[in-house]
Amino acid sequence: MISASPWQAVMFTLWCICVLLILPSHTVRTGWLPAGTVQGNDEVIAAGPHTAGVDESDSDILRGLGSLTPGGGDDVSSNSMMYKLSGIRSQYSIMDSLTTASHFHKLEREALILSARLERIADEELSVSPMQDIYETLPKLDRMINDEQMIIQISHRLGEKLTSYLQALSKLRTGVEQLYADHNTIVKQHIDCCTLSTDTFTYNSIFRVNVSMDTVCDRVSSMATQPLFNPGRNITSVMVDNNKQCPSVKWQWFSGHSGIFNVYPATPFTTSPPPFSCQSNFENRNRLVYVSTVRPQSKFVVLLLDRGASLSDNQLSVGKQAAISLLNTLSVNDRVTVVSIADTVKTPRADQCFTEFLGAATLNTKQYLTQFINSIKMAHEATNHSLGFQKAFSLIHSTLDRTKHHSYIEPLIVYLSPGLTTGRVEVESVLNLIIQMNSELSNQAVIITYALAEGGTGLSELSFLLDIAEQKTVRTSFTHPYNTTHNTSHHTAKKGVMEVLNVLSNLESTVGGTFYFVLSPVNTSEPVYSLPYIDTIGQGYIVSVTQAVYSEYRLLGVVGVDLHMTDLAEDIVYFEDNDNAYGFIVDQHGRTLVHPSLSSPTHTTTEAMFADISHFEQMDDFDLVRAPLLKGEGGTIELSNTHANNTDTQRYTKRYTWTKVENSPYRVGIVRIVSQDSLRQLRHTPISDTVDLTYHRLDVLPHQPMCIHLKTLSTFDTPTVMLTPRAFESPYAHLSESEEILTMQHYLAYLDDDSKLLNNPGAKAMVKNDLAATTKIFKTWMELGEDSTLTDYIVRRYIASIGGVVSMYPGTLLNKTYDAHKEHWFMRAMYNPGLITLTPPRLDTGGAGYIVTLSHTISYDRESIGDKLQVAAVMGIDLTVQYLYKILVDVIPVCERTHIRCFIFDDQGYLVTHPGLLDPTGYGPVEQQHITHKESLVANDILNHEYFVRKLVCNSFTNRTVQRYYQFNTSYPGTLSNLVHGEQCAEYQIRVIPGSNAFVGIINQTCDVLAAFCPCSMVDRRCLNCMRMEQTECECPCECPLDIDQCSADLTTETSSNPSCPAQPEPMPVAAFDNTYIEQLPVCHDPHCTDRQTYDDCFGVLDCEWCSIDVDAVSLLSKPYCATQRVCFGGIVAARSPYGDEVMASLTDIQAVSTAPVGPVAGGIMASILVLALALYVYRHHVHRRQHLHYTHTPDTSVRMSHVGEDREDEHDDENEHCLGMNPADIPLAAMERPERGQARNANHPGYSRRVTGQESDHGYSTMSPHEDSENPPTYSDSISLDRSLVDPAPHSPHTNPHITAGPSPYTTLPTPNRVQATVEVHMVPTC
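Just so it is clear, the structure is predicted and the values come from calculations on it, not from any experiment.

K.L.:
Now, about the overall build of the chain: what can you tell me, with residues and values included?
P.N.:
Scanning the chain from terminus to terminus reveals 32 helices and 48 strands. Taken across its 1328 residues, the chain has 59% of its residues classed as buried. Within the chain, residue pairs in contact and separated by at least 24 positions form 73% of the contacts whose partners lie at least 6 positions apart. Element-wise, carbon and sulfur atoms account for 52% of the exposed surface of the chain, whose accessible area totals about 53200 Å².

K.L.:
Lay out the sheet that holds strand 39 (residues 949-956) in plain terms, naming residues and giving numbers.
P.N.:
As summarised here, the arrangement of the 3 strands in space is 39-40-44, forming an open sheet in which the pairing is antiparallel. Both outer strands of the open sheet, strand 39 and strand 44 (1038-1041), are each paired with one neighbouring strand and no more. If you compare each strand with its neighbour and ignore which way they point, the axes differ by 25° on average. In this structure, strand 39 lies alongside strand 40 (residues 961-968), joined through 8 bridges in antiparallel fashion. Residue pairing across strands places arginine 950 opposite glutamine 967, the latter belonging to strand 40.

K.L.:
Would you mind going over helix 20 (residues 623-631) in detail, with residue names and values included?
P.N.:
Residues Val625, Pro628, Leu629 and Leu630 constitute the buried set of helix 20. Within two residues after helix 20, glycine 632 carries a phi angle of roughly 90°, on the positive side.

K.L.:
Give me the lowdown on the pairing of strand 47 (residues 1104-1109), citing residues and values where you can.
P.N.:
Across the 6 residues that make up strand 47, a large majority, 6, are buried. Examined bridge by bridge, strand 47 and strand 48 (residues 1116-1124) share 5 bridges and lie antiparallel to one another. Its bridge partner lying in strand 48, isoleucine 1109 is registered against leucine 1116.

K.L.:
Quick one: what's the story with the environment of proline 833, residue by residue and with numbers?
P.N.:
With respect to the helices, strands and loops of the structure, proline 833 is situated in the loop between helix 25 (824-831) and strand 34 (837-843). Separated by 36 residues in the primary sequence, proline 833 and leucine 869 have C-alpha atoms spaced 9.3 Å apart.

K.L.:
Run through the nonpolar core, naming residues and quoting values.
P.N.:
Core analysis: the biggest nonpolar cluster contains 103 residues, and Tyr135, Leu854, Ile892 and Val1000 have the highest contact counts within it. No other element matches the 8 residues that helix 26 (residues 881-891) contributes to this core. Apart from the residues lying within four places of it in its own chain, the contact partners of leucine 854 are Leu118, Ile121, Ala122, Leu126, Ile836, Thr837, Leu838, Met875, Gly876 and Ile877. Core analysis: the second largest hydrophobic core is formed by 67 residues, Leu316, Ala322, Ile324 and Leu327 among them.

K.L.:
Could you give an account of a negative patch on the surface, with specific residues and numbers?
P.N.:
Judged by side-chain charge, Asp689, Asp692, Asp717, Asp752 and Asp754 come together as a negatively charged surface patch. Summarising the element assignment, aspartate 689 is placed in the loop between strand 27 (678-682) and strand 28 (707-709).

K.L.:
Kindly report on the packing of aromatic side chains, identifying the contributing residues and their values.
P.N.:
For the structure on display, the rule yields 33 aromatic pairs. Between tyrosine 793 and tyrosine 883 the ring centres are 4.6 Å apart and the planes differ by 25°, which places this aromatic pair in the stacked class. With tyrosine 793 in the loop between helix 24 (778-787) and strand 31 (794-801) and tyrosine 883 in helix 26, this pair connects stretches of sequence that are 90 residues apart. With relative accessibility at 0%, the residue tyrosine 883 sits in the buried group. Over the ring of phenylalanine 269 we find arginine 219; its NZ or CZ atom is 4.9 Å from the centre of that ring. Here the guanidinium or amino end of arginine 402 rests over the ring plane of phenylalanine 357, the centre of that ring lying 4.4 Å away.

K.L.:
Give a description of the sheet that holds strand 41 (residues 976-977) that names residues and reports values.
P.N.:
Spatial strand order, 38-37-43-42-41: 5 strands in an open sheet with antiparallel pairing. Both edges of this open sheet fall to strand 38 (911-913) and strand 41, since each of them pairs with a single strand only. Judged from the 7 bridges that link them, strand 37 (residues 900-906) and strand 43 (residues 998-1005) form a sheet pairing that is antiparallel. Residue arginine 901 lies in a different strand from strand 43, and its bridge partner there is isoleucine 1003. Relative to the sheet, helix 5 (residues 107-125) contacts strand 42 (986-992) and strand 43, its axis offset from that of strand 42 by approximately 45°. Seen against the sheet, helix 26 touches strand 37, strand 38 and strand 43 and runs at an angle of roughly 75° to strand 38.

K.L.:
For unusual backbone geometry, give the residues involved together with the corresponding values.
P.N.:
A cis geometry characterises the amide bond from glutamine 704 onward to proline 705, with omega recorded as 0°. Within the element layout of this structure, proline 705 appears in the loop between strand 27 and strand 28. Following tyrosine 809, the chain continues to proline 810 via a peptide bond in cis, the omega torsion being 0°. Of note in the backbone geometry, asparagine 663 takes a positive phi value of approximately 60° without being a glycine. As for its position among the elements, asparagine 663 is in the loop between strand 25 (649-660) and strand 26 (667-673). A relative accessible area of 60% places asparagine 663 in the exposed class. Although it is not a glycine, arginine 960 adopts a positive phi angle of roughly 60°. Note that arginine 960 resides in the loop between strand 39 and strand 40.

K.L.:
Tell me about the confidence of the model for the chain, residues and numbers included.
P.N.:
Looking at the chain, the pLDDT average stands at 78 and 74% of residues meet or exceed 70. Confidence drops under a pLDDT of 50 for residues 19-105, and excluding neighbours within four residues, the segment shows 135 contacts in the predicted structure. pLDDT under 50 marks residues 1146-1162. Its contacts with residues more than four places away, or in other chains, come to 21 contacts.

K.L.:
How would you summarise the side chain of glutamate 125 if you had to cite specific residues and measurements?
P.N.:
In this structure, glutamate 125 sits in helix 5. There is a polar contact of 2.6 Å between the side chain of glutamate 125 and the side chain of serine 788.

K.L.:
Provide a residue-level description of the packing of helix 14 (residues 424-439) against helix 15 (residues 459-470), including the pertinent values.
P.N.:
Where helix 14 meets helix 15, the axes come as close as 10 Å, and the angle between the chain directions of the two elements is 15°. Of the possible angle classes, the one that applies to helix 14 and helix 15 is roughly parallel. In this structure, the crossing between helix 14 and helix 15 has a hand that is right-handed. From helix 14, Val427, Val430, Leu431 and Ile434 reach across to helix 15, where they touch Phe464, Asp467 and Ile468. Residue classes in the contact of helix 14 with helix 15 are distributed as 6 nonpolar, no polar and 1 charged.

K.L.:
Could you give an account of helix 10 (residues 313-327), naming the residues involved and the relevant values?
P.N.:
Between its first and last C-alpha, helix 10 extends 21 Å over 15 residues, near the 21 Å set by a 1.5 Å rise per residue. In terms of residue burial, helix 10 counts as a mostly covered element, since 11 of its 15 residues are buried.

K.L.:
Summarise the pattern of salt bridges; cite the residues concerned and give the values.
P.N.:
If you walk through the whole model with that rule in mind, you get 42 salt bridges. The partner of lysine 472 in a salt bridge is glutamate 470, and the shortest N-O contact between them spans 3.0 Å. The same class applies to lysine 472 as to glutamate 470, namely buried. Across the pair arginine 697 and aspartate 699 runs a salt bridge, and its minimum N-O distance is 2.9 Å. A network of salt bridges, in which partner residues are shared, links Arg157, Lys161, Asp567, Glu570 and Asp571.

K.L.:
Give me the lowdown on the state of the cysteines, citing residues and values where you can.
P.N.:
Considering all chains together, one arrives at 13 disulfides under this definition. A disulfide bridge connects cysteine 193 with cysteine 217, and the sulfur atoms are separated by 1.9 Å. Measuring the twist about the S-S bond at about 100°, one finds the cysteine 193-cysteine 217 disulfide to be right-handed. Placement of the pair is cysteine 193 in the loop between helix 7 (147-183) and strand 4 (202-204) and cysteine 217 in strand 6 (residues 217-220), with a sequence separation of 24 residues. The same class applies to cysteine 193 as to cysteine 217, namely buried. Through a disulfide, cysteine 707 is tied to cysteine 1084; the S-S separation comes to 1.9 Å. Taking the sign of the S-S torsion, 100° for the link of cysteine 707 and cysteine 1084, the bridge is right-handed. Remark: cysteine 1084 occurs in the loop between helix 30 (1076-1080) and helix 31 (1095-1098) and cysteine 707 occurs in strand 28; sequence separation between them is 377 residues. One exposure class covers both cysteine 707 and cysteine 1084, and it is buried.

K.L.:
Just give me the short version of the environment of leucine 943, but keep the residues and values in it.
P.N.:
Note on placement: leucine 943 falls in the loop between helix 28 (936-942) and strand 39. Put simply, leucine 943 and cysteine 1034 are 91 residues apart on the chain and 7.2 Å apart in space, counted from C-alpha to C-alpha. In this structure, leucine 943 is in contact with Val949, Tyr966, Gln1031, Thr1032, Glu1033 and Cys1034, ignoring residues within four places of it in sequence.

K.L.:
Go over the side chain of glutamate 570, please, and point to the residues and values.
P.N.:
Its location among the elements puts glutamate 570 in helix 18 (residues 570-573). There is a polar contact of 2.8 Å between the side chain of glutamate 570 and the backbone nitrogen of tyrosine 732. When sequence neighbours within four positions are dropped, the list of residues in contact with glutamate 570 reads Arg157, Lys161, Ser730, Pro731, Tyr732 and Ala733.

K.L.:
Give a description of the packing of helix 7 against helix 8 (residues 236-245) that names residues and reports values.
P.N.:
Running from N to C, helix 7 and helix 8 cross one another at 170°; their axes reach a closest spacing of 10 Å. On the basis of their axis angle, the class for helix 7 and helix 8 is roughly antiparallel. From helix 7, Ala168, Lys171 and Leu172 reach across to helix 8, where they touch Val238, Met239, Asp241, Asn242 and Gln245. Along the lines of polarity and charge, the residues of the contact of helix 7 with helix 8 split into 4 nonpolar, 2 polar and 2 charged.

So, how was this worked out
- Residues numbered from 1 in each chain as written.
- Predicted model: local features only at pLDDT ≥ 70, side-chain atom pairs only at ≥ 80, totals over all residues.
- Heavy atoms only, no water.
- Helix = DSSP H or I, 4+ residues; strand = E, 2+ residues; numbered from the N terminus.
- Buried < 20%, exposed > 50% of the residue type's maximum accessible area, 1.4 Å probe, protein only.
- Contact = heavy atoms within 4.5 Å.
- Areas by Shrake-Rupley, 256 points an atom, 1.4 Å probe, with all protein chains shown as cover.
- Pairing = 2+ DSSP bridges.
- Axes fitted to C-alpha atoms, helices over the stretch in contact; angles between N-to-C directions.
- Core = buried A, V, L, I, M, F, W, Y, C linked by side-chain atoms within 4.5 Å.
- Patch = residues over 30% accessible without salt bridge, like charges linked within 9 Å, V, L, I, M, F, W, Y side chains within 5 Å.
- Salt bridge = Lys/Arg side-chain N within 4 Å of Asp/Glu carboxyl O.
- Lys, Arg positive; Asp, Glu negative; His and termini not counted.
- Charge placed at Lys NZ, Arg CZ, Asp CG, Glu CD.
- Phe/Tyr/Trp six-rings, centres within 6.5 Å; stacked < 30°, edge-to-face > 60°.
- Lys NZ or Arg CZ within 6 Å of the ring centre and 35° of its normal.
- pLDDT = per-residue confidence, 0-100.
- Polar contact = N/O pair within 3.5 Å; in protein donor to acceptor, adjacent residues only side chain to side chain.
- Parallel < 35°, antiparallel > 145°, perpendicular 65-115°, else oblique.
- Left-handed = near helix turned anticlockwise from the far one by under 90°.
- Nonpolar A, V, L, I, M, F, W, Y, C, P; charged D, E, K, R; others polar.
- Expected span 1.5 Å × (residues − 1).
- Disulfide = S-S within 2.5 Å.

Okay, here's the thing in structure tokens:
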């Protein structure tokens, strides 16, 4: 209880008034202004001595640094200069450099110190230099490159696999044919997959679901026809035998024409989505692989949908669902469009494609047409049937002329309508029009009609639709059903069929499963290869090889075998020669199935766009490769291109080697960046006798003592080794093999054997040498684990060889599919060979929270450091995200000041550390944060430096987007500072950290209002204006839809010139282990969080958080404390952990603060004083703000953003069918919100700051608020454990990368709503 007298309260109020009156003017006086800036009543303030936060003694020291100016003639990077500065706090040198332009070079010293700190971590904690010394002493040999021989071997191996699979398919087909010939029809009780007992099934890693390898099970269509031919159990023996001969085959199945579906092995379909789900109407005959097999010819289809006034809502709904069902059965070899008719005709869009031609039935086209179908609304006028058929025949005619397919195409018109007419005249007109227009196509067109029936549907409507389907000619007047005489004669056109649909119809069976049977059958025994697709029965990326089964000319069904793409493509996916070469697979049409720019089949979760190989290989004269490639001819050729980077243009050469895979539609190729004819590798290197190898499968081969490191099964006693899939000759065979105790004991015995007597378990020849080299660092790592001063901040150390051997300390259990080559830290290090590579924060799958990785390449010898062709391995060390900021503040103590922000970002602009990433109030995610998100003022300005950063684009065919990203020049020689001098109250400096891929930046901001921002979407990664991109306009890294020409199924002219995005990091699955280990085993490393009493001692420690905010995410704790992340992840008590293991808690009791009663007089005085104080404060703040606006809001610093255009009128009635794009007005935008100063200073530790608000933070993609959460960064006074007495390190030589990589940094945070919002006007051009 706090008590106070009335007059004490009055005195306290008067003191507050003084503070309010002084603060605004003090802010102006202490900030720096450009010389000659007008302040107040035309008073001129000279820039220079007015340095924020520097007292008189500090100014004396700053004046003593005058000899360090360029005019002084001293070399700031020399050792002698570093000795001169060794006794001076780096704070002063930075403050001096931020005071005037003449001292901007001072950040160079701090960048050099940061470089030395990072090098010390790399050398002393990760042991990069000792590892490089080890490789220097090992024996080596040069392996000659022979791509011609390599491509023949790859082709031969793939051909052998396909041959064995085709043999299995042939056995299956023969078995079905023999059964039908012997028994004609077999009607037996089928084995329903959905009703089998769960005890029948066990999990299988090949199928990734529960299966029974002993039997076949069945699914039956609700529209199955009788008698039902069900080979079922009779072909089980054939399938079991096939599985023994080809254990890598996935599903084997028979899909019957009568509606039966047999699958081996049996599976309960519990995890299958529709249509295979047991809860949905099953129909096997509308599967794309089925339709493409029984009717493999190209199909030209026009879906004609009636939307006239005669339809009811139910009829229109049934028609739309039927059209979508039919659309989904078409393949990429087909062509299709949708036309809706009433009194007018409407097509999906106003350009040439769907108004004049049919579009290729790609996934994009089908998705687009599905949107169009769903957007169709009922008209108010009657249907003009003639107008619809006239449009349909016109589309077919123009498409046939364009594609030159006249001879063997049967165009198909599908008409969905109630069939209502005005009478005899209209019926005759429609039928005569059909006959006339089809005769112009030589009667090739076939018509199917679907009667959208309801209670009032009569015989006249059905008769009309039947006549249309059969294309009957009207010769005389007819009496029925219009009381006329009805005589018809058959025309030479092929008859179609008429089906009746209503709300009770099974559309998947009635429409999708039968429509194609009106087309002529193609009785061929040739196998049909599907494009890769996501397995809907189990999981994974598969290809189906199918054959139609006939008894004479009667279709029995389709047999198929499903193959893992990982199996088929393993030699290409895992083909790498020091990142200097890669492979690809295309089909006979040039569609790219496997390429480094596409996600690997092992981790593919969505179907990619199968673009032409020419879009991936954009080399001059690439047609010299493409033409013979598609013809099936082999060859080798070298092509050259010119590549422009940040500073200059370079010419490089690629050598292409390719051949055809026999008896298949596939072609394989190798691409090598030509630079030399041999590659270095290790000779025979034995493993030291002192090394006791421990395989990473600690759950199967325990190594004592074991413990739990965060959330992983580990051992601190020794590092563990892992042979990743890439270490084996057959990666897929390794992935498919169950890792039993004997298997891993075989691995270890072979690796440790120097006699060459033990059988090779399938590992590549270079694996033993790679492992022998990397194990030589194990002893050093174990010593560091005990003695390192950074133990509290280090999560783990690891090394991954080019050959696929991974060693890790502490020893850690990893997932079997783990591939270090697909990790972000590995890929970025390979892009920056010889440099210290920092990767942005990511959520550690091992439970450490958010971490930053420092990685570095190891070369075969020191002479080749920096040459990616000679990289032998990549080393990495994971650090807590706070620790890197701790280093930054220790090197630049001025970062602790309220108006100073310091940060580090990588060569793609993603923040590695920044005060905004550490804010416990959760202002945005820690991952995926770009400099454009947090420092928009800097981002706007640096885009004016063309040699410092470039804004680039690339096509991502994995997710069908155009990516916009930034590439920063790590060879930039100087210190970058404000180029546009309008925002002088917020100056910045940026400089490359020598010897790394990172940049250090510092901002001194003393004004409250900033004019610059970078527009970003708040709901996704979509760019706000996909119609234009300017180099000097700031925007967050974003993506636009990849524009496809639906007519040609190819890229549009605007996007075809973009390069393809390079390989992107892929998420690595977490290794699962028995949870009983957690209960039984001790913790590996206890950081003793609860014993850490101060913020400084807790900050950055592994698994520790400084708990400062209560469970409501708003209230400050009266007594902050240090605890584990489970207690207060991110500093908020009981905050939701991304691992889902948070400790729940209740709100801290908030003690009510009461005061002694204040008398009426004192209360009135206090109220008056408060009103006066508020008025004076508002007045001063208004004047102060106008002064800032006077010199900050200049034309040079404003961001060019146009106003929103006027609302468009609806050009398409109430349907708006022609334009399916997003309305610009519907796009929510983030905006700038001025940070609230002075509101968030926590008295418990002076460095902590926050804004008090109850809103959620932005865990979505981006924000446009430039400094919303970084005005007062976390601070601490204790020095970190690295030694501060540093000698000036030798600067690294500039490093230029000839190739630019793209794509956003990977992230694992879950999106949550953004808290920052305001209106922003952006002009968006309509996309249609």
